[in-house]
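Architecture and fold: a report
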Protein chains: 2
Amino acid sequence: MKTQTPYTELMNRARTVALLHSCSSVLHWDQQTQMPKAGAAHRGEQLALLARLAHKEATDPKIRDLLIEAESEPCEADSFEAANLREFRHAFDRARKIPPRLVEELARATALANEAWAEARAAADFAKFRPHLETIVALKCEEAAAIGWSAHPYDALLDEYEPGASTAELRTLFAELSAGLVPLLQQLADAKQRPDRGVLERDYPIDRQRLFAESAAAAIGFDFRAGRLDTTTHPFCSGFGPGDCRITTRYNPRGFHEAFFGVLHEAGHGLYEQNLPAARFGEPAAQSCSLGIHESQSRLWENLVGRGRPFWDHFFPRLRQTFPTVADVDPDAFHRAINDVRPSFIRVEADEATYNLHIALRFELEQALVSGDLAVADLPAAWNARFRTLFGLEVPNDREGCLQDIHWSFGGLGYFPTYSLGNLYAAQFLRAARRALPDLDDAFRHGDFRPLAGWLAANIHSQGRRFRAARLCERVTGAPLSVAPFLDALRAKLVPLYGL
Amino acid sequence: MKTQTPYTELMNRARTVALLHSCSSVLHWDQQTQMPKAGAAHRGEQLALLARLAHKEATDPKIRDLLIEAESEPCEADSFEAANLREFRHAFDRARKIPPRLVEELARATALANEAWAEARAAADFAKFRPHLETIVALKCEEAAAIGWSAHPYDALLDEYEPGASTAELRTLFAELSAGLVPLLQQLADAKQRPDRGVLERDYPIDRQRLFAESAAAAIGFDFRAGRLDTTTHPFCSGFGPGDCRITTRYNPRGFHEAFFGVLHEAGHGLYEQNLPAARFGEPAAQSCSLGIHESQSRLWENLVGRGRPFWDHFFPRLRQTFPTVADVDPDAFHRAINDVRPSFIRVEADEATYNLHIALRFELEQALVSGDLAVADLPAAWNARFRTLFGLEVPNDREGCLQDIHWSFGGLGYFPTYSLGNLYAAQFLRAARRALPDLDDAFRHGDFRPLAGWLAANIHSQGRRFRAARLCERVTGAPLSVAPFLDALRAKLVPLYGL
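Every value quoted in this text rests on a predicted model; they were computed, and no experiment measured them. (Residues numbered from 1 in each chain as written. Chains lettered and ligands numbered in written order. Predicted model: local features only at pLDDT ≥ 70, side-chain atom pairs only at ≥ 80, totals over all residues. Heavy atoms only, no water.)

**Observations regarding the overall build of chain A**
To keep things clear, this is the line we draw: Under the scheme used here, helices are H or I runs from DSSP no shorter than 4 residues and strands are E runs no shorter than 2 residues, and both carry numbers assigned from the N terminus. Atoms counted for the radius of gyration: C-alpha only. Globule rule: 2.2 Å times the number of residues to the power 0.38. Classification of residues uses two cut-offs on accessible area relative to the type maximum, computed with a 1.4 Å probe and protein chains only: under 20% is buried, over 50% is exposed, and between them is partly exposed. Should any heavy atoms of two residues lie within 4.5 Å, those residues are counted as being in contact. Residue burial considers only the protein chains on display, and all accessible areas are found by Shrake-Rupley using a 1.4 Å probe.
On a plain count of helices and strands, chain A comes out with 20 helices and 3 strands. A compact globule built from 500 residues should have a C-alpha radius of gyration of about 23 Å, and chain A, at 23 Å, falls within 12% of that. Along the three orthogonal principal directions, the C-alpha set of chain A runs to about 70 × 50 × 50 Å. For chain A, the residues scored as buried account for 55% of the 500 residues in total. Counting only contacts in chain A whose residues sit at least 6 apart along the sequence, the fraction spanning at least 24 positions is 73%. Total accessible area on chain A is roughly 20,500 Å²; 53% of this is exposed by carbon and sulfur atoms.

Here's what the structure looks like:
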């Protein structure tokens, strides 16, 4: 008989849970990309079983003693081993605090809410979604109470997506971000030189879009021997585990930017997944650091690299060769078109500047919902009023207002802020990378994205969750997260483009 | 608290095991059709975990008491409930008789053997496979001993694929089958009017092959809202559960028959899967009856319907319209071409008549291997000698001889006979269907396959494993399985086609 240490037994248990989750990922991906419609009910049964088995394994009471034993052993600070125990403890305590009844009720409520949300959104009728959202908010408040919090109940929910982040620090970041964005947006709105995004809305045959986007994803380092690109209604990236990461997009034959920047975005997520420490698959510290850090990798490639001039110095001649429709377009006009900034109603279609105001709005409203300061019934009015202040636009209906996003229907309160965190981390990481690799733009102009990809893999991806996000940021960039790199980069790009 | 009867608890347990297996099916399908190459190792880990969990659930010692309790309750004869208990008992006893060590050793040996077989086959070098096959035969003999048998150890292995069948009855069937086939094949070989299969080996664009095959699969009743057709190296059918059945094929741009009859074959399997009793998913008696019955459904559509003249009276005009290359071919010549019968070395490429001699050969050799009358080392010589007798051909090398099939490398001794059983059952079922529905050929000529598909669904598919194969055959056809319907149908078709 070989004997296992408590630590190795914990790692084996973590691997089992991760493998079960990765089976679910395959089934989810298949459901979005391949499954015939009639298979939905059976797929639900399969996924429910896998979730039940994973939850049972993850909350096995025997883990408590194993953790106590393992924690009593000496362990090198900052090692993967120490991080594995920290993250195992964190996830176990969190999972055990939530009563199984609440887990079940949330699963049931969100399953119903998802359908109701889709109907309500289609009909632009908030009343259809309201009772479901009321239930979900109540259950999430119960969850926050079960987990416990000191400053704000929202902290307990945020922790699920961004471990270690606090509502208070996010409030500061969002205040600073808005303070920087609002005057910049005003400047851009008043500019006489406006981009013409019409060049993006010409004929772009889908098969060529696909080949062109694949070539860009491959150029930034997405490994197609260990991944693939498919078509779905809602684009996503799913890392199944070592050697298998799938990204998806959707194509508009009369719109270049949607699929192309979507693929760059998902390929950025994909690079992260493909460079996680494969040999440690399943260990709690071998997963991605947080949703904010994950999003930083997608937005870095999509916006900071992919909407930059050096990137297009390489790709624009290839774009022209692939799509005859842009033969008459000059690179400056194209670069302006892909950096068109203007207020709009829908988050997922927003430009990289106004995007953060969409998030700020949701972050404020979620806090108010969770603290009880805002009743679900008053949500549409609160949304519309705040939208008017932030964007200067009247929301025409709830479909283009508070019903637009799926997140609340699956109980994802606390999720939205990670999108903006991603923008901020991305800019701060790229600034650090530029310090270490001063010739990055030259490399981009030659179509060489390996130096940046290698730097990200070494400093961020391969570190998994060895450090929490705030600590990772300090180690990699030498400073705590701030809004300055993001705002600076945005100004540096947009001010000349708008002739300001 | 709701109380469960022992019976309902058993059914819930069976459903869990079936759901785990169905998750594995999705992962297997994905591996064959979608997975990037680099994902293979991780996929192996996922599948191993699911198999381990399913085996643990299926052999839980608590099942013993539940079975005893459930079996003591009164239960209507021939009901699904009675069949569920019979099949649960059968599977549980069988699984518990095989020591876990043997299960593990077989898993390990076959994993290694599969690679060795692929190499040995590519190199036509039996020596590379021999030690692996020796291990596998020894382990399968051990398995047969553990399970127990009275007449022949082969019975214990056969039972895994064809529950209730015996070596003795199969020997009789194969003797009768050969006695009928050998003179018929001699007659055909001497015929002056030989089919010209050249018309099948022209330009058949793959996209058109796909659409044409899909239209035929849909015409015979395969429901594409609950299924799909994809491309793989080795064609197969996988039913994931209610509402989701996937079939695959491979295309040869210079060969019509491979993909087309392959799709009809797999769609025949698919109809069975799509018409199993969905509400009972997971119950032991809600699965397919046996591999022989499953194969009867594929071969019935592929050979008895799909190579018949009424089928092509409907489809030939559509074939001509779809493939300009057959504009000059007349329907008689085409019908002869798809019914070309001639001895050949490779089983999977064999025509419907000689196919059974390929199976007879394997059935004989497997019995000899399992009884110890034939040493693995002597297998190639024994194969080649017997092949000469049966086919009158010299096997040029082991790739075209005893190394051609994958089955032994996965330990599938006892599997081959089910292919011929499928041919026999198919003919006997179709004869019974024709008695009940005398106008079948007229319906076929009008492209209407619903009467036959409905009859099969009602009499066979929806019955699942409520009856064992032999009993099902008697209930559906009024007689025990015999070779006469198969030989009669073959003669009735081929004799006029060969101008005899």
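Alright, that's what it looks like, and here's the rest.
**Here's the deal with the interface of chain A and chain B**
In many reports, interface size means the accessible area that the parts give up when they come together. Test applied: Buried area: the accessible surface (1.4 Å probe) lost by two parts on joining, summed over both. What counts as a salt bridge is simple: a side-chain nitrogen of Lys or Arg found within 4 Å of a carboxyl oxygen of Asp or Glu. Any pair of N or O atoms that falls within 3.5 Å is considered a polar contact. Within protein, one atom must be able to donate a hydrogen and the other to accept it, and sequence-neighbouring residues count only if both atoms are side-chain atoms. Classes in brief: Ala, Val, Leu, Ile, Met, Phe, Trp, Tyr, Cys and Pro nonpolar; Asp, Glu, Lys and Arg charged; the others, Gly included, polar.
Across the boundary between the two partners, chain A contributes 37 residues, which contact 37 residues of chain B. Carbon and sulfur atoms supply 63% of the area buried between chain A and chain B, which totals about 2,600 Å² over both sides. There are 4 salt bridges connecting chain A and chain B. When the shortest N-O distance is used, the salt bridge between Arg43 of chain B and Asp244 of chain A registers 3.6 Å. Run the count over chain A and chain B and you get 15 residue pairs in polar contact (both at pLDDT 80 or more). The set of elements that each furnish at least two residues to the side of chain A that touches chain B consists of α1 (6-33), α2 (40-58), β1 (227-231), β2 (237-241) and β3 (244-249) of chain A. A per-element tally of the side of chain A that touches chain B places α1 of chain A first, with 10 residues. For the side of chain A that touches chain B, the class distribution of residues is 17 nonpolar, 10 polar and 10 charged.

**Considerations on the relation of the copies chain A and chain B**
Quick note on the threshold: We superpose the copies by least squares over the C-alpha atoms of residues that have a pLDDT of at least 70 in both of them.
Turning chain A through 180 degrees and shifting it by 0.1 Å along the axis lays it on chain B, with an RMSD of 0.1 Å. Expressed as an axis order, the relation between the two copies is that of a two-fold axis. An overlap of 100% is found between the interface residues of chain A and their copies at the interface of chain B, pointing to a shared contact surface.

**A few points about the nonpolar core**
As a reminder of what qualifies: Joining through side-chain atoms within 4.5 Å is the link that ties buried Ala, Val, Leu, Ile, Met, Phe, Trp, Tyr and Cys residues into a set, and such a set is a nonpolar core. Throughout the structure description, domain borders are defined by an automatic or database domain assignment.
Membership of the largest hydrophobic core comes to 129 residues, with the highest contact counts inside it found for Phe256, Phe260, Trp301, Trp312, Phe334 and Leu452 of chain B. Taken together, domain 1 (6-150) and domain 2 (151-500) of chain B each give at least three residues to this core, which thus spans both. Apart from the residues lying within four places of it in its own chain, the contact partners of Phe256 of chain B are Leu200, Tyr204, Gln209, Phe212, Trp312, Leu319, Phe323 and Phe334 of chain B. Leu361, Phe363, Phe467 and Leu481 of chain A belong to the second largest nonpolar core, which has 128 residues in total.

**Some points on helix α7 (residues 153-161) of chain A**
Think of an α-helix as 3.6 residues a turn; residues three or four steps apart then line up on the same face. All names here are of chain A. Within α7, 8 of the 9 residues are buried, which leaves it mostly tucked inside the rest of the structure. Within α7 the residues assigned to the buried category are Pro153, Tyr154, Asp155, Ala156, Leu157, Leu158, Asp159 and Tyr161. Each element contacted by the buried residues of α7 is listed here: α4 (80-97), α6 (126-147), α8 (167-190), α11 (291-305), α14 (355-371) and α16 (417-436).

**Observations regarding the sheet that holds β1 of chain A**
Residue and element names in this part refer to chain A. Our working definition: We treat two strands as partners when DSSP finds at least two bridges between them. Each axis is a line fitted through C-alpha atoms, and for a helix only the stretch in contact is used; angles between axes span 0 to 180 degrees, taken between their N-to-C directions.
If you trace the 3 strands from one edge of the open sheet to the other, you get β1-β3-β2, paired in mixed fashion. Edge positions in the open sheet fall to β1 and β2, since each of these has one partner strand only. Direction aside, the axes of adjacent strands within the sheet are offset by 20 degrees on average. Pairing of β1 with β3, which is carried by 5 bridges, proceeds in the parallel orientation. Directly across from Leu229, in β3, lies its bridge partner Ile247. The strands that α1 touches are β1, β2 and β3; relative to β2, the one it contacts most, it runs at about 140 degrees.

**Structural notes on the packing of aromatic side chains**
Residue and element names in this part refer to chain A. This is how it is decided: Note on aromatic pairs: the rings of Phe, Tyr and Trp (six-membered ring only in Trp) are paired at centre separations within 6.5 Å, and the planes decide the class, stacked below 30 degrees, edge-to-face beyond 60, tilted for the rest. We call a charge positioned over a ring when the NZ of a Lys or the CZ of an Arg lies within 6 Å of the ring centre and within 35 degrees of the ring normal.
According to the stated counting rule, one finds 74 aromatic pairs over all chains in the structure shown. Ring geometry for Phe212 against Phe260: centres 5.6 Å apart, planes inclined by 35 degrees, an arrangement best described as tilted. Separated by 48 residues along the polypeptide, Phe212 in helix α9 (residues 206-219) and Phe260 in helix α10 (residues 257-274) bring together distant segments of the chain. Given a relative accessible area of 4%, Phe212 falls into the buried group. The residue whose ring lies beneath Arg299 is Tyr355, and the NZ or CZ to ring-centre distance is 4.1 Å.

**Remarks on a positive patch on the surface**
To be explicit about the condition: Excluding any residue in a salt bridge, patches collect residues exceeding 30% relative accessible area, merging like charges within 9 Å and nonpolar Val, Leu, Ile, Met, Phe, Trp and Tyr side chains within 5 Å. Charge counting treats Lys and Arg as positive and Asp and Glu as negative, with His and both chain ends excluded. Charge coordinates come from a single atom per side chain, which is NZ of Lys, CZ of Arg, CG of Asp or CD of Glu.
The grouping of Arg52, Lys56 and Lys62 of chain A together with Arg52, Lys56 and Lys62 of chain B at the surface amounts to a positive patch. Broken down by secondary-structure element, the contributors of at least two residues to the positive patch are α2 of chain A together with α2 (40-58) of chain B. Topologically, Arg52 of chain B is positioned in helix α2. Given the relative accessible area of 48%, Arg52 of chain B is considered partly exposed.

**As for the sheet that holds strand β2 (residues 237-241) of chain B**
All names here are of chain B. Pairing in this open sheet of 3 strands is mixed, and the strands run β1-β3-β2 from one edge to the other. Looking at the sheet topology across the chains shown, the edges are occupied by β1 (227-231) and β2. For this sheet the average axis-to-axis angle between neighbouring strands, irrespective of direction, equals 20 degrees. Strand contacts of helix α1 (residues 6-33): β1, β2 and β3 (244-249), with the helix running at about 140 degrees to β2, the strand carrying the most contacts.

**Comments concerning the environment of Gly401 of chain B**
Residues and elements named next belong to chain B. Checked against the element boundaries, Gly401 lands in the loop between α15 (379-391) and α16 (417-436). Taking the C-alpha atoms as reference points, Gly401 and Leu271, 130 residues apart in sequence, are found 33 Å from one another. Ignoring anything within four residues of it in the chain, the contact list for Gly401 reads Trp383 and Val395.

**As for unusual backbone geometry**
It is generally the case that most residues other than glycine have a negative phi and that most peptide bonds are trans. Within the chain, Asp78 of chain A stands out as a residue other than glycine whose phi angle is a positive 65 degrees. By secondary structure assignment, the location of Asp78 of chain A is in the loop between α3 (62-71) and α4. Classification of Asp78 of chain A by relative accessible area gives partly exposed; the value is 30%. Not every positive phi belongs to a glycine, and Ala124 of chain B is a case in point at roughly 50 degrees. Here Ala124 of chain B lies in the loop between α5 (100-123) and α6 (126-147).

**Topic: the packing of helix α9 (residues 206-219) of chain B against helix α10 (residues 256-274) of chain B**
All names here are of chain B. For clarity, the cut-off: What sets the label is the angle itself: under 35 degrees gives roughly parallel, over 145 gives roughly antiparallel, 65 to 115 gives roughly perpendicular, and the rest give oblique. Handedness of a crossing is defined here by the sense of rotation of the near helix relative to the far one, left-handed for an anticlockwise turn of less than a right angle and right-handed for a clockwise turn.
Orientation of α9 relative to α10, taken along the N-to-C sense of each, is 30 degrees, at an axis distance of 9 Å. Here α9 lies roughly parallel to α10, going by the angle between them. Where α9 crosses over α10, the two elements pack in a sense that is right-handed. Packed against α9, whose contacting residues are Gln209, Phe212, Ala213, Ala216 and Ala217, the element α10 presents Phe256, Ala259, Phe260, Val263, Leu264 and Ala267 at the interface. Split by residue class, the contact of α9 with α10 holds 10 nonpolar, 1 polar and no charged.

**Looking at the pattern of salt bridges**
For the structure shown, the criterion picks out 98 salt bridges over all chains. For Arg246 of chain B, the salt bridge identified is with Asp30 of chain A, shortest N-O distance 2.7 Å. Taken together, the residues Arg246 of chain B in strand β3 and Asp30 of chain A in helix α1 connect one chain to another. On the accessibility criterion, Arg246 of chain B (0% relative accessible area) is buried. Of the charged contacts in the structure, one is a salt bridge between Arg250 of chain B and Glu258 of chain B, with a shortest N-O distance of 3.5 Å. Given a relative accessible area of 31%, Arg250 of chain B falls into the partly exposed group. Ionic contacts of the salt-bridge type, sharing partners, join the residues Arg94, Lys140, Glu143, Asp159 and Glu160 of chain A into one network.

**Description of the pairing of β2 of chain B**
Looking along a regular strand, one sees the side chains alternate between the two faces of the sheet. All names here are of chain B. As paired strands, β2 and β3 are joined by 4 bridges and run antiparallel to one another. By the bridge assignment for β3, Gly241 is matched with Asp244. In sequence, β2 turns back onto β3 through a hairpin of 2 residues, with Gly243 there showing a positive phi of about 85 degrees.

Any functional reading would require information that these geometric values do not contain.
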